[in-house]
Amino acid sequence: MEKWSLMTIAVLLALTVRWAVSLGSYSGAGKPPMYGDYEAQRHWQEITYNLPIKQWYFNTSDNNLLYWGLDYPPLTAYHSFVCAYIAKLINPDWVALHTSRGYESQPHKLFMRTTVFVADLLVYIPAVILYCFSLKETSAKKKASTCALCILLYPGLILIDHGHFQYPLSLGLALWAVLCLSHDWDLLGSLAFCLALNYKQMELYHSLPFFCYLLGKCFKKGLKGKGLVLLAKLAGTVLLSFAACWLPFGTDVEQIMQVLRRLFPIDRGLFEACMFSSPTHCPDKVANIWCSLSVLIKIKNVISPRTQLKLSFAVTFLSLLPACIKLTVQPSLRGFKFALVSCALSFFLFSFQVHEKSILLVSVPVCLVINEIPFMATWFLLVSTFSLLPLLLKDGLLLPYAVSAPAFLALCLASFSILEKTSAEDLQLKAFSLSLKGYVWCLKPFPRVVRSLFLLSVALMAALSVLAAAAPPPRRLPHLFPLAVAVVSCLHFLLFLLYFNVLVLWDSKNRGQKKIS
């Protein structure tokens, strides 16, 4: 009973923070003609309610794809339709075809913010609560509620969902999938992940760990017995899930191809919104390797779009390969969670057309291991929030950022005493350190060095945040601060990628794992 009381307090506090952030600005507020992601979500409600399904993804006189055309899978469209149906009942002007473009009012803002709250309450928050209660390491009564509070108060997700404006459904469904797999409910887990993937195609970031873990389980059970049966059931679950989601589009091959073209617009080139190609042009800055390299090498000018695609695919595949092979050969829940982080981070750093918000696809899996590696998880979550700074400044979310990020750090310091957990064993690097037999001397000052690097990193992020928010940039370098944020974050992420790959590859103990048989 006590643990549920503590969890209730944690959830109420998390909801209060979300409500406070939602009172502020949102993406594109009062900025015609395109506005921002808030208007994109509203426009999809307008389109899905007023047009037949066969026109949702096609360019027509009533559906200009250049104005926030649908570019997410069918479940996003169905969700938009449900929201539009409710909006129509409240005020038809909110989703009126053509005339509602750029609609802004306080009642409509309240409605849109409420839809995000409902998605949080129905999908994401329950998954977090149940996941934290299911953790083997959370033996103390306070541990589950503390872990849940830290996850629910992760500022990056709150600022994007309830500030910038985005729905947490795909991440919530992916979390439900992880929860199901942790209880050996493999078919339900597969169903939940298929739904997540059919809500947002960016869930491909997580697809390989799910595939490799479940395939590894099938191998362990034996492909001539139980493993073959499980494999057949999993394949059937995936096929039926996709068939149900795509049913309205499945009667016409051209419909399917048009949806796929909208989901994967490879003709746009490598960069979604991150090319530092001109000192007078200021697109969004993304903390991945291509945007950082483009500071020195104008990739867009020296490599053709097709070659960019091939290069991106090759580098991403090679960076994913070690973790995927290890997870397939030695499937474990612990390895699976670490592989979710490393694979998603590889996609973010090296893949095609990355948006700065995609870092959340890495951050949520990191939240899942905050109880195991609190120091490194906290550090990563702070850097991921910092990497969103240019977008948050553009949306007028400086104050929520300035409050929530330090508060999150203070919460993690108080909850996990992270500065005291920097030894090789605390960072889950003991197996790796044992492999460095001839270099044990360098491990003695390791905890002190790690703490110093962390404090230096936090000071650097704080300084850049202040400069980006308050100081005028040099006249010849008007985008210096967003560029610095992107490059500094990218360097951090490269080091985190190395760290999480080490955790996956040297995970030999599989502590607390149930035997797969």
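Named according to an unreviewed UniProt entry, the protein chain is Alpha-1,3-glucosyltransferase originating from Donacobius atricapilla. In its Pathway (unreviewed entry) section, the UniProt record describing the protein chain reads: "Protein modification; protein glycosylation." A UniProt comment under Subcellular location (unreviewed entry) is attached to the protein chain, and it reads "Endoplasmic reticulum membrane".

A. Inspection of the packing of aromatic side chains at higher detail. According to the stated counting rule, one finds 25 aromatic pairs in the structure shown. Between Trp379 and Phe454 the ring centres are 5.5 Å apart and the planes differ by 85 degrees, which places this aromatic pair in the edge-to-face class. Separated by 75 residues along the polypeptide, Trp379 in helix α16 (residues 374-387) and Phe454 in helix α20 (residues 446-470) bring together distant segments of the chain. Of the residues examined, Phe454 reaches a relative accessible area of 2% and is grouped as buried. Three or more aromatic residues joined by ring pairs form one cluster here, namely Phe348, Phe375, Trp379, Phe380, Phe454, Phe493 and Phe496. In this arrangement the basic side chain of Arg101 is found over the ring face of Tyr67, its NZ or CZ atom lying 3.7 Å from the centre. Its guanidinium or amino end placed over the ring of Tyr72, Lys200 lies 5.3 Å from that ring's centre, counting from NZ or CZ.

B. Fine view of the pattern of salt bridges. Tallied over the full model, the rule gives nine salt bridges. Note that Arg261 and Glu254 form a salt bridge whose closest N and O atoms lie 2.6 Å from each other. Between Glu372 and Arg334 there is a salt bridge; the shortest N-O distance is 3.3 Å. You can see Glu372 sitting in the loop between α15 (360-368) and α16 and its partner Arg334 sitting in helix α14 (residues 333-350), a full 38 residues away along the chain.

C. Spatial organisation of the domain arrangement of the protein chain. Assigned domains of the protein chain: these are domain 1 (168-257) and domain 2 (265-507). Inter-centroid distance (C-alpha atoms) of domain 1 to domain 2 is 27 Å. Contacts between domain 1 and domain 2 engage 20 residues on the former and 23 residues on the latter. Interface area for domain 1 against domain 2, summed over the two sides, is near 1,900 Å², with a carbon-plus-sulfur share of 83%. Summed over the three residues of domain 1 that lose the most area to domain 2, namely Tyr205, Pro209 and Tyr213, the buried surface amounts to 37% of that side.

D. Molecular detail of empty space enclosed by the protein. Enumeration over the complete set of coordinates arrives at two cavities of 30 Å³ or more. Here the largest cavity defines a volume of roughly 70 Å³. What lines the largest cavity is Leu171, Ala174, Leu175, Val178, His206, Phe210, Leu340, Val364, Pro365 and Leu368. Every element with two or more residues in the lining of the largest cavity is listed here: α7 (169-182), α9 (204-246) and α15. For the lining of the largest cavity, the element with the most residues is α7, which contributes four residues. Residue composition of the lining of the largest cavity, grouped by class: nine nonpolar, one polar and no charged. Counting the residues that make up the lining of the largest cavity, at least three belong to each of domain 1 (168-257) and domain 2 (265-507). Space inside the second largest cavity adds up to approximately 40 Å³. As for the second largest cavity, its lining consists of Lys326, Leu327, Gln330, Ser332, Gly335, Val504 and Asp507. Residues that form the lining of the second largest cavity fall into these classes: two nonpolar, three polar and two charged.

E. Just the environment of Val123, in detail. Along the chain, Val123 turns up in helix α4 (residues 106-134). A relative accessible area of 15% means that Val123 is categorised as buried. For the pair Val123 and Glu254, spaced 131 residues apart in sequence, the C-alpha to C-alpha distance is 33 Å. Residues in contact with Val123, not counting those within four places in the same chain, are Leu169, Gly172, Leu173 and Trp176.

F. Region of the structure containing the environment of Phe432. Mapped onto the secondary structure, Phe432 falls in helix α19 (residues 430-434). Residue classification places Phe432 among the partly exposed positions, given a relative accessible area of 23%. Residues Phe432 and Leu12 lie 420 residues apart in sequence; the distance between their C-alpha atoms is 41 Å. When neighbours within four sequence positions are excluded, Phe432 is seen to be in contact with Val502 and Trp506.

So, how was this worked out
- Residues numbered from 1 in each chain as written.
- Predicted model: local features only at pLDDT ≥ 70, side-chain atom pairs only at ≥ 80, totals over all residues.
- Heavy atoms only, no water.
- UniProt positions renumbered as here; feature names shortened; annotations may be inferred.
- Phe/Tyr/Trp six-rings, centres within 6.5 Å; stacked < 30°, edge-to-face > 60°.
- Helix = DSSP H or I, 4+ residues; strand = E, 2+ residues; numbered from the N terminus.
- Buried < 20%, exposed > 50% of the residue type's maximum accessible area, 1.4 Å probe, protein only.
- Lys NZ or Arg CZ within 6 Å of the ring centre and 35° of its normal.
- Salt bridge = Lys/Arg side-chain N within 4 Å of Asp/Glu carboxyl O.
- Domains from an automatic or database assignment.
- Contact = heavy atoms within 4.5 Å.
- Buried area = accessible area lost by both parts, 1.4 Å probe.
- 1 Å grid on protein atoms, 1.4 Å probe; cavity = no way out; pocket = protein on both sides within 12 Å on 5 of 7 lines; lining within 4 Å.
- Points joined across faces, edges and corners; volume = space filled by probe spheres on them.
- Nonpolar A, V, L, I, M, F, W, Y, C, P; charged D, E, K, R; others polar.

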